[in-house]
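Results of the structural survey
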Amino acid sequence: MEGPLPRLPGGGRVTGPLLLGVRHHGPGSARAVQAALEAAEPSAVLVEGPPEGDVLLPLAAAEGMRPPVALLVHAANDPGRSAFWPFAAFSPEWVAIRWALARGVPVRFVDLPAAHVLAADEAEGAEGDDGGSHGREAARIDPLRALAHVAGHDDPERWWEDAVEHRGGAGDPLAPFAALAEAMSALREAHGDGGRPRDAVREAHMRLSLRAARREFGDPVAVVCGAWHVPALARTVPVGADRALLKGLPKVRTEAGWVPWTHRRLARASGYGAGVTSPGWYGHLFTAPDRPVERWMTQVAGLLREEGRHVSPAEVIEAVRLADALAAVRGRPLAGLGETTDAIRAVMCDGSDLPLRLVADRLVVGDVLGEVPEDAPAVPLQRDLARLQRRLRLRPEAAERTLELDLRRDNDAARSRLLHRLRLLGVEWGEPAAGRVNTGTFRETWSVRWRPELSVKVAEAGVWGTTVGEAASARAAALARAATTLHQVAELVEQCLLGGLVDALPVVVSALADRAALDSDVGRLADALPALARSLRYGDVRATDTAALARAATGIAERVCVGLPPACTGLGAEAAAAMRTRIDTVHTAVGLLPGEGGTTGRWRTVLRGLAARDTVPGEIRGRAFRLLLDGGHLAEGEAARAMELALSPAALPAEAAGWIEGFAGGASGGGLLLLHDERLLALVDGWLTSVPPDAFTAVLPLLRRTFAAYEAGVRRALGELVGRGPAALGRIPGALPPDGFGTSTDADRADAVLPVLHLLLGTDRTAAPTGAGHHEHAEATG
């Protein structure tokens, strides 16, 4: 195996091992490998990769296989310990595999088995470097950068494009491999192992595999591997020395399968060591060898047009000419990505880099997602997920998209259950997102995007069951038993209802009742109640029996009503702010509990008690009054009297400022309340102007936080009212109202809007406008 690489004088079969050193995921290397194999017609093809994938190689030629895909190997008893070997359509290894399968030539993987790699707890087969090693060690050289530097180039990608990707197909098909092998030999002589000590073990296994293949198939065996390994495979090493390196290596039992991959995960920016900077561009070069620049400019123009930017055919022609001119000026054989990008910026983007970001994301990198045949080996959970994806017409896609679901539709409800179950299993295919405004509880909005690593998550979740429903139920029950807080169990209840896990719900509700009975902390009880109330409120949408949950939630609400008043006494500023947030969430939760029974009445009693208790911080007292006011549970003028007391001279400035924060602060609509209730605004203004100077500095940060939360228009209107003086705020009895405010309601002016409302609502417009028009409108709008 020593000596120069074999040549093919005048064509014919090669008479010795053919070592084809490549760059992973390089279209030029892929075309060169295709040409070399066509010329050499080897008796077998060996490819860098884990031998565990040998039984899966025939699937590479299957009808449903669409690269990019990856070979996934994981420990049988721990799917989280896994490694990926990605392949794109322009990967030389993929081209070699497809060539061999198409001609019936034996093909095998020859790298170090993943069983050894995973046993060492270093998934070095999952990532790689530009020179071909799939390992991940620190302080190692980049062969591509080193060769570019020797050639006088500061940009290794640009040098590789000129030297390999844009090289024509004429001449000896083995010449580029001989030149690259010679360059790598020089690098290895100068840098030794290049910072890759584990490569010695990998290369020992490759040499042993090559020897075994030559004994079985004869000398004309082709090896497609990273160019960095070619010098090590070309030299003679005693068999005993190679076997000694492999002796005693730890190993684990493994399982393997094909999984879809994406161009985005092939990009170096994703953290993939053997990645390229522009997988979308390389894929284009591989699939469009003729007139690649013209075709690329056409794709870019189509993308920009889809985004609303006008690009004419003349601009496409001009961009092509400019790219070719730039390549000539820069001394390049063909226009590369740099020239096309500069031309696109100048001609199609008016010199702006903003549209170029879209081109870089969508085309230069891209979101192409591969496909794997349905009959490919997979864990049972993966097969069930694939079946559900087909049945629900919810295909995994690499590009992020928004999914609007109407839960009244059977298919959308099933989609929702699937996404919620996967989230419970840790498979974050979809993320709940803020949806469009609607008046019901029958809609969900999801942001969905499939990422290749989710295949590992599915494999990990396979330990919980063979179907998504079974696995999610088992996972929920296990989490309920292991939960350390009541809040965690309450969230599990909500997840079970959202996922329709009726089998797991009794177990989780039982765990909830047990933990609630033992938990006496009112804060934790209050934190758990909102999730339970939401579950009860929306359970009927999913046709789930929630009787047991209703009893548990009501019991927790009763305990909160009993324990909250003493828990609000003697709190500091931070604790008071946290408790105010809890009161808001509990108030919302109580409103969602079924029925109008004693719980709602007891909660109102709690709020009245908090509002009137002097030992409760002002922020909480003010918030309790505001909640009572919003619910219509205060008599006319009661809020103003409460504010007069809270802002009286006897009140400490800090307590008064806290009361204002609780009553009118945050995003609670307090600004509009002050804007439309002149008496309350006058009380606040009068108190503010009476605060002593030394105390004003202390309360200013709290007041700024209170009023800064108001919308800009509300702040401006309040400022205008206050700026008109005391008479405008109604402090002088009998004073005229401020501009824009009337002394009474003008029914005729109000009725003038009715024709427009009828037009918008599509109701009867023949009714005569009267002073009762307000009631008519209320009935029309429900």
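Scroll up to find the structure this text is about.
Every chain is numbered independently, its residues counted from 1 as its sequence is written. Local features are withheld for residues below a pLDDT of 70 in this predicted model, meaning they are given only at 70 or higher, and side-chain atom pairs are given and counted only at 80 or more; totals for whole chains, interfaces and linings count all residues. Where side-chain values are given, they derive from all heavy atoms of the structure, hydrogens and water being excluded.

A count of helices and strands for the protein chain gives 35 helices and 10 strands. For each residue, the accessible area found with a 1.4 Å probe, counting protein chains only, is set against the maximum for its type, and the residue is called buried under 20%, exposed over 50%, and partly exposed in between. Burial status across the protein chain gives 48% buried among its 782 residues. Of the contacts made within the protein chain by residues no fewer than 6 positions apart, 73% connect residues no fewer than 24 positions apart. For every accessible area listed, the method is Shrake-Rupley and the probe measures 1.4 Å; residues are considered covered only by the protein chains on display. A total accessible area of about 35,900 Å² is found for the protein chain, and carbon and sulfur atoms account for 54% of it. Strands are runs of DSSP state E lasting at least two residues, helices are runs of H or I lasting at least four, and both sets are numbered from the N terminus onward. Contacts are assigned to residue pairs with any non-hydrogen atoms lying within 4.5 Å of each other.

Another aspect to go through is the sheet that holds strand 3 (residues 69-75). Only strands joined by at least two bridges in the DSSP assignment are considered to pair. If you trace the three strands from one edge of the open sheet to the other, you get 4-3-7, paired in antiparallel fashion. The sheet terminates laterally at strand 4 (78-87) and strand 7 (254-260), the two strands that pair on one side only. Between one strand and the next, the sheet's axes are offset by a mean angle of 25°, whatever the strand orientation. For strand 3 and strand 7, the ladder comprises seven bridges, and the chain directions are antiparallel. Considered in strand 7, the bridge of V69 is made with P260. A fitted line through C-alpha atoms represents every axis, and for helices the fit uses only the stretch in contact; the resulting angles, taken between N-to-C directions, go from 0 to 180 degrees. Where helix 18 (residues 454-461) meets the sheet, it contacts strand 3, strand 4 and strand 7, and its direction lies at approximately 150° from that of strand 4.

Should the charged atoms of two oppositely charged side chains come close, the side chains can pair. Whenever Lys or Arg places a side-chain nitrogen within 4 Å of a carboxyl oxygen from Asp or Glu, that contact is recorded as a salt bridge. According to the stated counting rule, one finds 35 salt bridges in the structure shown. Note that R291 is salt-bridged to E294, the shortest N-O span being 3.6 Å. Since its relative accessible area comes to 24%, E294 is described here as partly exposed. Here E655 and R621 are joined by a salt bridge, their closest N and O atoms 3.1 Å apart. Of this pair, E655 sits in helix 28 (residues 653-664) while R621 sits in helix 26 (residues 618-630), and the two are 34 residues apart along the sequence. For E655, a relative accessible area of 32% translates into the label partly exposed. The exposure class of R621 is buried, given its relative accessible area of 13%.

Mapping H116 onto the fold places it in helix 3 (residues 114-119). Between N or O atoms, a polar contact is any pair within 3.5 Å; within protein, one atom must be a potential hydrogen donor and the other a potential acceptor, and residues adjacent in sequence are included only when both atoms are from side chains. A polar contact of 2.9 Å, which involves the side chain of H116, links it to the backbone oxygen of P250. Beyond its immediate chain neighbours, meaning those up to four positions away, H116 contacts L249, P250 and K251.

Another point: the packing of helix 12 (residues 292-306) against helix 14 (residues 337-347). The contact between helix 12 and helix 14 brings their axes to 11 Å, and the two run at 45°. The angle between helix 12 and helix 14 places the two elements in the oblique class. When you trace helix 12 past helix 14, the crossing you get is right-handed. Contact residues: V293, W296, M297 and V300 in helix 12; L337, T340, A343 and I344 in helix 14. The cut-offs work like this: below 35 degrees is roughly parallel, past 145 is roughly antiparallel, 65 to 115 is roughly perpendicular, and the gaps in between are oblique. With the far helix as reference, a near helix turned anticlockwise by less than a right angle produces a left-handed crossing, and one turned clockwise produces a right-handed crossing.

Among the structural elements, R383 can be located in helix 16 (residues 380-391). In sequence terms R383 and T466 are 83 residues apart; their C-alpha atoms lie 8.7 Å from each other.

Here we take up the packing of aromatic side chains. Two rings belonging to Phe, Tyr or Trp (six-membered ring only in the last case) form a pair when the distance between their centres is within 6.5 Å. Interplanar angles under 30 degrees mark stacking, angles over 60 mark edge-to-face geometry, and anything in between is tilted. Within the structure shown, the criterion is met by eight aromatic pairs. With a centroid separation of 4.7 Å and an interplanar angle of 50°, the aromatic rings of F84 and W261 are classed as tilted. Placement of F84 in strand 4 and of W261 in the loop between strand 7 and helix 10 (263-266) is noted, with a sequence separation of 177 residues between them. Side by side, F84 and W261 carry an identical accessibility label, which is buried. Between the aromatic rings of W94 and W258, the centroid separation amounts to 6.0 Å while the plane-to-plane angle is 90°, which identifies the pairing as edge-to-face. Of this pair, W94 sits in helix 2 (residues 92-103) while W258 is found in strand 7, placing the two residues 164 residues apart along the sequence. Like W258, W94 is buried. Following the ring pairs from residue to residue traces out a cluster consisting of F87, W94, F109 and W258.

This part is about the sheet that holds strand 10 (residues 443-448). If you trace the three strands from one edge of the open sheet to the other, you get 8-10-9, paired in antiparallel fashion. Sheet topology places strand 8 (401-406) and strand 9 (430-432) at the edges, where each strand pairs with a single neighbour. Neighbour-to-neighbour, the strand axes of this sheet turn through a mean angle of 35°, independent of strand direction. Of the pairings in the sheet, the one linking strand 9 to strand 10 comprises three bridges and is antiparallel in character. Its bridge partner being in strand 10, E431 is matched across the sheet by S447. Sheet strands in contact with helix 17 (residues 410-424) are strand 8, strand 9 and strand 10, and its direction is about 125° off that of strand 8.

So, about the nonpolar core. The nonpolar side chains of a soluble globular protein tend to be buried with one another. Within the largest apolar cluster, 107 residues are counted, with the highest numbers of intra-cluster contacts made by L512, L564 and I583. Residues within four places of L512 in sequence aside, it is in contact with L486, V489, A490, V493, L532, L549, A552 and I556. By nonpolar core is meant a set of buried Ala, Val, Leu, Ile, Met, Phe, Trp, Tyr and Cys residues that side-chain atoms within 4.5 Å join together. Membership of the second largest hydrophobic core comes to 50 residues, among which are A148, L337, L356 and V359.

To estimate the expected span of a helix, subtract one from its residue number and multiply by 1.5 Å. The terminal C-alpha atoms of helix 6 (residues 175-191) lie 24 Å apart, and with 17 residues this matches the ideal 24 Å at 1.5 Å per residue to within 8%. When we look at burial in helix 6, the residues that qualify are F177, L180, A181, M184, L187 and R188. Viewed end-on, helix 6 has its buried residues packed into an arc of 125°, placing them on one side of the element. Projecting away from the buried face of helix 6 at angles above 90 degrees are the exposed residues E182, E189 and A190. Positive phi shows up at G192, right after helix 6, with a value of about 65°. To obtain the arc, one takes the directions from the helix axis to the C-beta atoms.

Attention shifts here to the side chain of E494. Structurally, E494 is set in helix 20 (residues 486-498). Judged by its relative accessible area of 16%, E494 falls in the buried class. Not counting chain neighbours up to four residues away, the residues in contact with E494 comprise A531, R534 and S535.

Along the chain, G662 turns up in helix 28. In sequence terms G662 and R621 are 41 residues apart; their C-alpha atoms lie 7.2 Å from each other. Once residues lying within four places of it in the same chain are set aside, the contact partners of G662 are R580, E619, G622, R623 and R626.

Once that is clear, we can look at the environment of E431. Mapped onto the elements of the fold, E431 is located in strand 9. A distance of 3.1 Å separates the side chain of E431 from the side chain of R423, its partner in a polar contact.

So, about the pairing of strand 4. Of all 10 residues in strand 4, seven are buried; the element is thus mostly enclosed. Connecting strand 3 to the next strand, strand 4, in antiparallel fashion are two residues.

Moving on to unusual backbone geometry. Omega for the bond connecting P67 with P68 falls within 30 degrees of zero, at 10°, which places this linkage in the cis form. In this structure, P68 sits in the loop between strand 2 (44-47) and strand 3. In this structure, D350 takes a positive phi of about 55° despite not being glycine. Looking at the secondary structure, you find D350 in the loop between helix 14 and helix 15 (354-365). Given a relative accessible area of 63%, D350 falls into the exposed group. A positive phi angle is found at R393, which is not glycine, with a value near 55°.

This paragraph deals with a nonpolar patch on the surface. Nonpolar side chains collect at one region of the surface, where V756, L760 and L761 lie side by side and expose about 300 Å² of accessible area between them. In this structure, V756 sits in helix 34 (residues 754-761). What goes into a patch is any residue over 30% in relative accessible area without a salt bridge, connected to like charges within 9 Å or, for nonpolar side chains (Val, Leu, Ile, Met, Phe, Trp, Tyr), within 5 Å.

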